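For reference, the chains in residue letters:
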Amino acid sequence: MLKETTRSQLWLSAWVIGFSVAMACLLLGFKHRAALDGLQRARLLLVATETREVVERNLTFGIAFTDIATLPDVLASTRNTEPLIAGIDVVDGGGKVIYSTDPPRRGHPMEMEWRDAMHHSAAGEPWHARDGADAVQAAPVRNAFGLTLGHAVVRYRLDALNKASAQFVRYLALYGLAVAAGGTLALFLMLRWVQARLERRLARLNAAFESGVAEPRPGSLALEAASARARVDDARHALEAAEQALDAAGGMR
Amino acid sequence: MSAHQASLRGYRLAALGAVILAVSASILACAALAYSAFERELRPEALRKAETVGHVVDALADKAMRFQLPLEKLPGVNDLFDSLEKQNPEITWMAIRVDDKPIFARGQEAHAKIAGGRVELPLITMGDPAVLEIAVDPAWVARLFRDMALDMGVILLVSLVISMELAIYLTGAGDFRGVAVLQNALHAAASGNFRGVTTTDSARGEARTLLAALASAVDTLAMKRALLAAAIARRWPRRHADAGERERLRAALARLRAATREYALPTAPVPDVGRVDASNVLGAMRAPFFLFLFSEDLSRSFLPLYAGSLPVGPFAIPVHLVVSLPISIFMLIVALSQPTLGTWSERVGRRRAFLAGGLMGAAAHLASAGAGSLSELLVLRAIAGFAWAVAFVAAQGFVIDHTDRATRTRGLATFVGIIMAASICGPPMGGLLADGVGPRWTFAIAGLLATGATLLAWRDLPRALAARRAVRQVRPRDYAAALANPRFAALLALAAIPAKVIVIAFCFYLVPLYVAESGHNAAMAGRIIMLYSVMMVLGVPITTEVVERIQRTRHTQPHVAFVAGGLVVSGFAGLLMLMPLGLWGATALVFLLGIAQAMSIAPQSAMVADVSAADMNRLGESAIYGVYRLIERLGNAMGPVIAAFLLQVFGFHTAFAAIGATVLVCGIAFYATFRNGVEPAADRKEARA
């Protein structure tokens, strides 16, 4: 029966520690990815904002949004400053690519998921979207009247982020398992210790019940065990007295 | 707590301490391991970002060069540094140095002196060569971890609650249950009440030995008594033949009667309390019910936001109403379906009813993960609401089936405890998961948990239960009859409905949206909402204790003051949002709301019996409480719609304050209506008698 106690304590320790470690690792994994993602997005937002400022500066000089001749060179040189960038597009309000570091994209609409994200973004606010392993960070381009004419869109791959996250998850899973095993063992041993002390206390109670003698500490369980024994004996004596009364001559026939 | 109950309490606390210690140590160990990995991987990324920030400044220097402006005379550099530091909190030092002397600088220079913590970019200038220096806060990763401390605390708290549930599930209330049975058995035997001695199969080790010894001693007494009674019965017909025999029989019978009376000698062997007893009243239902509620509570912190992200379709519905609808539909279905489900669940059996609820809930959660539009989500939430009501009624029925008048209060308290435990765990865990894997995956996880609950119920719940007396179903005319009582109607209108409206409007609807609006994530919303359940769990027993003490010592019924006080505190909680406290205001609001509800919830339920004593005799207790629960739950359904309307028209602060002010007025009106006290049901019956 004690084996059953051991087994249930082991299961309890494993489940409780396993759950806490799993949740902690999950949280740390999310946080790691969120922090890395946040850093990358903030970095690329700076690039998008810089591009947006170049376009807006040209607009203030009266150059039409579609006629900024120097923009392709600026886009190409900006792209080269950041190894993370897959490409930079400047799109109009409908999502059609007007300028791009990849010439074949010009004149074509942007990917549908990104157009959806662009349309759902809060007016005048930067937006972000992802589609599988590709993602974009964008900043809206406004004219002097504050009207949104288009968006500076920085495209990048999520491969590096995914790889770093996966590596971190593997690391955490490995060490998390070790922590869970150690924690389970520690909790199990502590529970066993509490159990052993409880068993010793109960053994004393057992002895008090068997012998009917205990230190007279009021309210103590040992005293109750001894009292229980005394009451059992009293009841037995009362029944025996009844038997004797019946047996006075004829016995329990 | 009596001395004999308290004497072994230390071991229970020691076991709890061991769990807290081991869980905290494990979480800290994981955090420590992750910390070094964060430092290793995130710092280079932060430096790369600092480099990109540097390019922005470089562009400005480039501009100065083009306009042939000396760098030190370039305007707006300090403003630019300020704004860049604000936008990039990990950057704590920015400076442009010429000949190693800073001509522009912002932040803490000490951070620039830490090796590997800064980037340098040469700037093209008109004069001497200049260098842009940007340093990353060395404690940036530590700050990230400090931000996570709350989440870790939540994980610890949830782990503790779950470990309690696990302990009860794995060991049937644990070895401590065996000890508790032993304590009660010893107490009963020591006080000479041998019929009160029970035993349990779940006891182990010394507890089992001692219980066995005690049970054997009591069984021996029972056998001895039975043998003696049989002997007397055998010889009883001969009592007329012999005067001595008659005397002996009379003496033996008198002694047997005296012993039976004095020691409450049992007539049957010592009973086993089994898996389901008063100390573990939910028994086999406990784990599945907890898991089922937990799965439902997971979505609480992000449901409004998730609903808002779905396409509405051709319906032109205001956005705030859109996000309130899934909650309202859920609550409405729960309110409307519960009155009829009680008798149905009794007819088909609690097991089958719970299995049906569990399966429906699992399917609804899994389908919600793939909901493509608001209308789909609404249908699925309606199904989830129905499933919740079915499972709830089945679990409640299970408690009623396994308790009697003496143990029902304790049984229902355990039942409420499970609901509270799930509401402590669900929202923060759901928030964490939604932030990490997104709402859809969180719904999928909820679906899996509900499936787990169903499987547990299928495995553990008893297949058939003894038929019980059918509970009388509430009929429409009962509503009319009950509501014709103006005091009952006032209790509903001034206390029950406002209390529910404010809880659901604030905790389920306005707070999650407000937290999101303040720029925080679903995990934060979950943590704040959790406070409500924590305060309820801590507050309800205290309120009950205080109310009972006042009743005992002052011989008065303080229920009215407690209900009115709860409503007034709830109202003030809403008005608190008029102060510019931001997220702290929302936290204080939920905290106060928890205290307020803990103050009023139990006295309010107790008042139902008092204000409707006459109707209870006529219609029955269950009918009156059925009407009360239905109307109260309609308040649940109204809450989000009222809040949505106010939010759409007036904005957050006014919505909070308007609901708060209304509840405050209701509290005052309630006190004015009932200030002369409520005649307790028992007194009224006595007076009538």
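Residues numbered from 1 in each chain as written. Chains lettered and ligands numbered in written order. Predicted model: local features only at pLDDT ≥ 70, side-chain atom pairs only at ≥ 80, totals over all residues. Heavy atoms only, no water.

With that settled, consider the sheet that holds strand 1 (residues 91-98) of chain B. Residue and element names in this part refer to chain B. Ordered by their spatial adjacency, four strands build an open sheet running 2-1-4-3, and the pairing between neighbours is antiparallel. At either margin of the open sheet sits one strand with a lone partner, and together these are strand 2 (101-107) and strand 3 (118-123). Each neighbouring strand pair of the sheet contributes to a mean axis angle of 15 degrees, computed without reference to strand direction. The sheet contact formed by strand 3 and strand 4 (residues 130-136) spans six bridges and is antiparallel. From the neighbouring strand, Glu120 faces strand 4, where its bridge partner is Glu133. Each of strand 1, strand 2 and strand 4 touches helix 3 (residues 77-87); the most contacted strand, strand 2, lies at about 35 degrees to it. (Pairing = 2+ DSSP bridges. Helix = DSSP H or I, 4+ residues; strand = E, 2+ residues; numbered from the N terminus. Axes fitted to C-alpha atoms, helices over the stretch in contact; angles between N-to-C directions. Contact = heavy atoms within 4.5 Å.)

Structurally, A:Ala34 is set in helix 1 (residues 2-60). Once the C-alpha coordinates of A:Ala34 and A:Glu210 are considered, the two residues, 176 residues apart in sequence, prove to be 65 Å apart.

This paragraph deals with the domain arrangement of chain A. If you check the domain split of chain A, you get domain 1 (3-166) and domain 2 (212-247). Look at where the C-alpha atoms of domain 1 of chain A and domain 2 of chain A centre, and you get two points 81 Å apart. (Domains from an automatic or database assignment.)

The next thing to look at is the pattern of salt bridges. Residues and elements named next belong to chain A. Under the counting rule described, the total for this entry stands at 23 salt bridges over all chains. As a salt-bridge pair, Asp37 and Arg41 come within 3.4 Å of each other at their nearest N and O atoms. One end of the pair is Asp37 and the other is Arg41, both in helix 1 and four residues apart, which spans about a single turn. Between Arg157 and Asp159 there is a salt bridge; the shortest N-O distance is 3.2 Å. (Salt bridge = Lys/Arg side-chain N within 4 Å of Asp/Glu carboxyl O.)

Turning next to the nonpolar core. Residues and elements named next belong to chain B. The biggest cluster of nonpolar side chains holds 231 residues, and the ones touching the most others in it are Ile96, Leu510 and Phe670. When residues of this core are assigned to their parent elements, the largest contribution, 23 residues, is made by helix 16 (residues 486-517). Here Ile96 is in contact with Val57, Leu71, Val77, Phe81, Lys101, Pro102, Ile103, Phe104, Leu123, Ala130, Val131 and Leu132, once residues within four sequence places are set aside. (Core = buried A, V, L, I, M, F, W, Y, C linked by side-chain atoms within 4.5 Å. Buried < 20%, exposed > 50% of the residue type's maximum accessible area, 1.4 Å probe, protein only.)

What follows deals with the interface of chain A and chain B. On the side of chain B, 101 residues touch chain A, which itself brings 83 residues to the contact. The junction of chain A with chain B conceals about 7800 Å² of combined surface from both sides, 75% of it contributed by carbon and sulfur atoms. Together, A:Leu39, A:Leu239 and A:Leu246 form the three largest contributors to the area buried by chain A at its contact with chain B, with a combined 9%. The interface formed by chain A and chain B holds two salt bridges in total. Linking A:Glu243 and B:Lys224 is a salt bridge whose minimum nitrogen-to-oxygen distance equals 3.8 Å. (Buried area = accessible area lost by both parts, 1.4 Å probe.)

Residues and elements named next belong to chain B. Put simply, helix 16 and helix 18 (residues 559-575) touch, their axes get as near as 11 Å, and they point 30 degrees apart. Here helix 16 runs over helix 18; the crossing is left-handed. Along its contact with helix 16, which presents Leu494, Ala495, Pro498, Ala499, Ile502 and Phe506, the element helix 18 presents Val563, Leu567, Ser570, Gly571 and Gly574. A class-by-class count of the residues in the contact of helix 16 with helix 18 yields eight nonpolar, three polar and no charged. (Left-handed = near helix turned anticlockwise from the far one by under 90°. Nonpolar A, V, L, I, M, F, W, Y, C, P; charged D, E, K, R; others polar.)

Now for the pairing of strand 3 of chain B. Judged by which residues are buried, strand 3 of chain B turns out to be one-sided: B:Val119, B:Leu121 and B:Leu123 face inward and are buried, whereas B:Arg118, B:Glu120 and B:Pro122, on the alternate face, are not. Counting the residues in the hairpin turn of strand 3 of chain B and strand 4 of chain B gives six residues.

All names here are of chain B. Positive phi is not limited to glycine here, since Ala264 has a value of about 40 degrees. Inspection of the secondary structure assignment puts Ala264 in the loop between helix 7 (243-263) and helix 8 (283-297). Here Ala264 falls in the buried class, since its relative accessible area comes to 14%.

Applying the stated criterion to the full structure yields 16 aromatic pairs over all chains. Between B:Phe194 and B:Tyr263, the ring centres sit 6.2 Å apart and the planes meet at 35 degrees, which makes this aromatic pair tilted. Remark: B:Tyr263 occurs in helix 7 and B:Phe194 occurs in the loop between helix 5 (175-190) and helix 6 (205-235); sequence separation between them is 69 residues. Accessibility classification places B:Phe194 together with B:Tyr263 in one group, the buried group. When the ring of B:Phe292 is compared with that of B:Phe354, the centres are 6.1 Å apart and the planes differ by 65 degrees; the resulting orientation is edge-to-face. In this pair, B:Phe292 is assigned in helix 8 and B:Phe354 in helix 11 (residues 350-369), connecting sequence segments 62 residues apart. Each member of the pair, B:Phe292 as well as B:Phe354, is classed as buried. Here the aromatic cluster, defined as three or more aromatic residues joined through ring pairs, consists of A:Phe168, A:Tyr171, A:Tyr175, B:Tyr35, B:Phe38 and B:Phe145. Geometry around A:Phe209 places A:Arg229 over its ring, the cationic atom sitting 4.4 Å from the centre. (Phe/Tyr/Trp six-rings, centres within 6.5 Å; stacked < 30°, edge-to-face > 60°. Lys NZ or Arg CZ within 6 Å of the ring centre and 35° of its normal.)

This paragraph deals with a negative patch on the surface. Residues B:Glu72, B:Asp99, B:Asp100 and B:Asp128 make up a contiguous surface patch of negative charge. Structurally, the position occupied by B:Asp99 is in the loop between strand 1 and strand 2. (Patch = residues over 30% accessible without salt bridge, like charges linked within 9 Å, V, L, I, M, F, W, Y side chains within 5 Å. Areas by Shrake-Rupley, 256 points an atom, 1.4 Å probe, with all protein chains shown as cover. Lys, Arg positive; Asp, Glu negative; His and termini not counted. Charge placed at Lys NZ, Arg CZ, Asp CG, Glu CD.)

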